[in-house]
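Read off the chains here:
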Amino acid sequence: MKYQSTRSSFSTDSLNAVLMGPAPDGGLFTDPQMLKPGYIGFDWKSCLEMDTIGMSKKILSTLLPDFRDMDSLVEKAYRGRFEMDDLTPLVKVDNAWVLELFRGPTSAFKDVALSILPRLMTAAVKQSGEKKQILILTATSGDTGKAALEGFHDVDGIRIIVFYPHNGVSLVQKSQMTTQEGSNVLVCAVRGNFDDCQTGVKKAFAGIRDYCAQNGWQLSSANSINIGRLAPQTVYYFAAYRDLVKNGAIKVGDPVDFCVPTGNFGDILAGYWAKLMGLPVGKLICASNSNRILTDFFTTGVYDTRREFYKTSSPSMDILVSSNLERLLWLAMDGNSEKVSHLMKQLSETGIYKLDGATMDKLRRDFAADCCTEEEGAASIKAVWEKNRYLMDPHTAVAWTCARRALEKDSSRPMVVLSTASPYKFPHSVLAALGKETGGDEFTLMENLHNITGVPVPPNLSGLKDKKSRFSTVIDVDDISSYVKESL
Ligand SMILES: *Cc1c(COP(=O)(O)O)cnc(C)c1O
C-alpha cells in the first residue's frame, strides 16, 4: 500500500492510485516514503549512467512498483515517439540551460507523462482483473487536452472527454483538440475560465461516481492530480542533471537550481520528488505570470484566491487553484492529513488559507518564487532571440525572466529553465513579442514566424490546417455531469 491520500488515512497500491486519479475523499495520492530521509535507499547516482528511457524504467518502477512489466510500458510509450531518442534535450542559452520538454507528439511538456499514462491505465486494469471500462474526464488549460487525446485515442477499453475553457486557449491549441481523430474521444468547450472548468470537472467526478460504478465505468483523470502524471515527470530532472555532469558543468553531487513555469504545480512538484529521491536540487523556483498567487503565497504564507483572474499570453499558467500544492503541504506537514483537509476545506469555503511561519520556513528552504508581467515576458522572448538566436514560447519566457533575476542575485549554481511548449503553439504572442506583424490566422502566423526565424515548425502543428474540426459543443459549467451521462 504505497500511496496515501493527503486528506485521510486512505491508502492503496500504485495500480489502483493510477486508476482512481483523486482519492475517494477528494485528496491526492502521495507516497509516504517521501516523508523519510534517504527515500527507500534509492540509488539515484546509477541513473546518471543511463539514457533517458533507461532512467524512466528505473524511476517509474520505483515510484510505481506494482506494475508488472514497466520496462515494456516505457519502451512502447517513448521509443521513436519523440523528436529525439533522448526525449528531453538540454540546451545552453546564454548563462543558463534550457530543458526542452516539448519535443513530443503534441509539442507540449505534457507529452512526457501523457505518452505513458494510457499504457499505465490499461496495464492496471489488466493486472487487477477488472472488467470495467475506463472513463477519463479531463479539464485542460490548453495543453493537457491535446496530449491526453493523443495518448488515449483508440485505446481499447478507454473513453476520454476533454473540457477546455471557451475562449481560454490559443487557436492552435483549440484546433489541436477539435481536430482530434478517434472513436473514443469527445472534446467540449465550457463557458468560463480554466478554474471554473477544473472545478466543474471535479464536481462532475463526485456527481457521476455512483452512476459510473453502477454502469461498469471506472472514472479517472488525466490531470496532474493523477499519480501516473507526476511520476514520469520526475525523470527529466535526473536527465538534465546527467547532461550537466556529462558536459562538465558540474560534478556529481553539486547542487543545481531549476526554474519552472508553474500552473497546477505538477511540474515543479515532480522536481521536488526528484530532490526527495536524492537528486542534488538546490532551489526550485516557482515562476508565475500575472496570476501571481503562488508568488504571494511563498512570500507571505497566505494563499488567497480572492483576486482578479488575468488572461495572459501563457494560458497554461492562468490558474488560481494549483491542485498539486496540496501534495507539497502534506509533505511539509509530515503527512498530517487532518491539517491538510482542514486547509482545503477552508480554501473551498472561504477562498483563502494561511500557513504558520515554521511551515513556510520549511518550504522556503527548497522553494523560491517569482513572477513576471506580460511586458517582461515579451521582452525576454525578443532579447533572447536577438542575442542568442533562441526562440522561446511565452510560458518558457516567464520562467526565463524569473531565472535571470535569480541569477543576478546568485549565480553560484547552474540554472536549468524548464521549457514547456513549442513557440509555434503561440505564434501570435511570439511574433508580437518580436515586434512583427500579427495579422492573419494562426497558421499564416506560424509560417511567418518560421520565415522570420528559420526555426523548424513541428510537423504535428504545421499539419493542423488541413484537418477537419470535429467538435463544436459549448456548455455551461453546471452541465458537465449531464453532458457526460448523455454521451455515455
Ligand atoms: C501545463 C503547462 C504548464 C504548467 O505546468 P503545471 O504542472 O500545471 O504547473 C506550463 N507551461 C505549459 C506550456 C503547460 O502546458
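Residues numbered from 1 in each chain as written. Predicted model: local features only at pLDDT ≥ 70, side-chain atom pairs only at ≥ 80, totals over all residues. Heavy atoms only, no water.

1. Topic: the layout of surface pockets
Over the atoms rolls a probe the size of a water molecule, and its path tells where empty space is left.
Next up, step 1: Its boundaries defined by the atoms lining it, the largest pocket holds a volume of some 860 Å³.
Next up, step 2: Around the largest pocket sit 36 residues that line it, and Arg7, Gly26, Lys202, Glu326 and Ser348 are the ones nearest its centre.
Next up, step 3: For the lining of the largest pocket, the secondary structure elements donating two or more residues are strand E6 (133-139), helix H9 (194-214), helix H14 (325-332) and helix H15 (337-350).
Next up, step 4: Per element, the largest residue contribution to the lining of the largest pocket is nine residues, and it comes from H9.
Next up, step 5: Roughly 620 Å³ of internal volume is contained in the second largest pocket.
Next up, step 6: What lines the second largest pocket is a set of 29 residues, and nearest its centre among them are Leu73, Pro118, Arg119, Thr122 and Ala123.
Next up, step 7: Elements that contribute at least two residues to the lining of the second largest pocket include exactly helix H4 (70-78), helix H5 (110-114), helix H6 (117-128) and helix H7 (143-152).
Next up, step 8: Grouping the amino acids of the lining of the second largest pocket by side-chain chemistry returns 12 nonpolar, six polar and 11 charged. (1 Å grid on protein atoms, 1.4 Å probe; cavity = no way out; pocket = protein on both sides within 12 Å on 5 of 7 lines; lining within 4 Å. Points joined across faces, edges and corners; volume = space filled by probe spheres on them. Helix = DSSP H or I, 4+ residues; strand = E, 2+ residues; numbered from the N terminus. Nonpolar A, V, L, I, M, F, W, Y, C, P; charged D, E, K, R; others polar.)

2. Some thoughts on the site of the ligand
Next up, step 1: In the vicinity of the ligand there are 15 residues, among which Lys110, Asp143, Gly263, Asn264 and Thr420 approach most closely.
Next up, step 2: Separating an oxygen atom of the ligand from a side-chain N or O atom of aspartate 143 is a distance of 2.6 Å.
Next up, step 3: Glycine 266 places a main-chain nitrogen or oxygen 3.2 Å from an oxygen atom of the ligand.
Next up, step 4: In isolation the ligand has 380 Å² of accessible area, and contact with the protein removes 98% of it.
Next up, step 5: Of the residues that constitute the shell around the ligand, the class distribution is five nonpolar, seven polar and three charged. (Near = heavy atom within 4 Å. Polar contact = N/O pair within 3.5 Å; in protein donor to acceptor, adjacent residues only side chain to side chain. Areas by Shrake-Rupley, 256 points an atom, 1.4 Å probe, with all protein chains shown as cover.)

3. A look at empty space enclosed by the protein
Next up, step 1: Tallied over the full model, the rule gives three cavities of 30 Å³ or more.
Next up, step 2: Put simply, the largest cavity is a space of about 240 Å³.
Next up, step 3: Around the largest cavity sit 24 residues that line it, and Phe109, Lys110, Gly263, Asn264 and Ser316 are the ones nearest its centre.
Next up, step 4: Of all the secondary structure elements, the ones that give two or more residues to the lining of the largest cavity are H7, helix H10 (227-233) and helix H12 (266-276).

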